[in-house]
Amino acid sequence: RLGLKTLLFDLDLGNADISNKLKIFPEDTLYKFFNRQIELSELAVKTEFGFHFIPGECGEFKLANMTWGQKQRFFKHIQAISVKYDLIIFDLGAGITRNVIDFALMADDSCIVTTPSDIIAGYAAAKASFGRFVEINSKLGGSDVEIDEFVYSPKFILNQVNNKRHGNSLYQSLKQTLETHVNQNSIFKIKPDYLGSVISDRARLMDTYSKREIIGLKHPASELALNYHELASRYLG
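Reading guide: rules and limits
Residues numbered from 1 in each chain as written. Predicted model: local features only at pLDDT ≥ 70, side-chain atom pairs only at ≥ 80, totals over all residues. Heavy atoms only, no water. Phe/Tyr/Trp six-rings, centres within 6.5 Å; stacked < 30°, edge-to-face > 60°. Helix = DSSP H or I, 4+ residues; strand = E, 2+ residues; numbered from the N terminus. Buried < 20%, exposed > 50% of the residue type's maximum accessible area, 1.4 Å probe, protein only. Pairing = 2+ DSSP bridges. Expected span 1.5 Å × (residues − 1). Arc of directions from axis to C-beta.

Participant: Outline the packing of aromatic side chains, supporting the account with residue identities and numerical values.
Facilitator: Tallied over the entire structure, the rule returns 14 aromatic pairs. Taking the centre distance of 5.9 Å and the plane angle of 90° together, the rings of phenylalanine 9 and phenylalanine 90 count as edge-to-face. Taken as a pair, phenylalanine 9 in strand S1 (residues 6-11) and phenylalanine 90 in strand S4 (residues 87-92) lie far apart in primary sequence, 81 residues in all. On the basis of relative accessible area, phenylalanine 9 is assigned to the buried category, the value being 0%. Here a set of aromatic residues connected by ring pairs shows up, and it is made of Phe9, Phe33, Phe34, Phe74, Phe75, Phe90 and Phe103.

Listed below in structure tokens is the structure:
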């Protein structure tokens, strides 16, 4: 809606569910790409919502257990098609599996979505991602490079908050905990950033979800839609 050509990429490998949420079920999925039956660019479909979409595969063991080499090869193909888009969004699985963290670190920016009841999980995701960030860059000779090249800055979204003040308060506590317990006088630093918050509106969310509607399109004046718009605008600067 802000005018960027956008590709939504279902990278919840092995447990993809965006197709079900959008009611879009393409015949070709990532599974065919990994079997070398189709090119990655051929998987992108234009949706009625204005963005393009590459579907994943649900319940496929091979996709859920990729090696580092396979991920790098895969990412080269992603980079090749990225020239066609202004923005590519990876929808990653929940949790701190190696697949999730590696793809988050391969992207230009990683975003952690957490809630007031799962704030510890948000902290754990940032801490685990930072640990993997240090591991990868140490192997690449991190100690010989300038310190500012080794800053990991995950962006946080606080979902299901009471109001903006609630979200900001939770983020400040999270940030303080990360800076106190994770940063340890090293050339590697974690400096989290805050994209904003999303209000809790379960009734509207469940209603639009059951109808497979996009809140920003069906209810553009709602507080939920305005929250989403603010997040996108803040990310784009």
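Now, onward.
Participant: Break down the sheet that holds strand S2 (residues 45-46) for me, citing the residues and quoting the values.
Facilitator: Strand order in the open sheet formed by 4 strands is S2-S3-S1-S4, and the pairing between neighbours is mixed. Every interior strand has two partners, whereas the edge strands, S2 and S4, have only one. As judged from the 3 bridges shared by S1 and strand S3 (residues 52-54), these two strands associate in the parallel manner. Bridge pairing in S3 links leucine 7 to histidine 52.

Participant: So what's going on with helix H4 (residues 68-82)? Which residues, and what values?
Facilitator: In this model H4 runs 21 Å from its N-terminal to its C-terminal C-alpha over 15 residues, within 8% of the 21 Å that 1.5 Å per residue would give. For H4, the complete set of buried residues consists of Lys71, Phe74, Phe75, Ile78 and Ile81. For H4, the buried positions fall inside an angular range of 115° around the axis, keeping them on one side.

It is worth stressing that arrangement in space is one thing and function is another; only the former is reported here.
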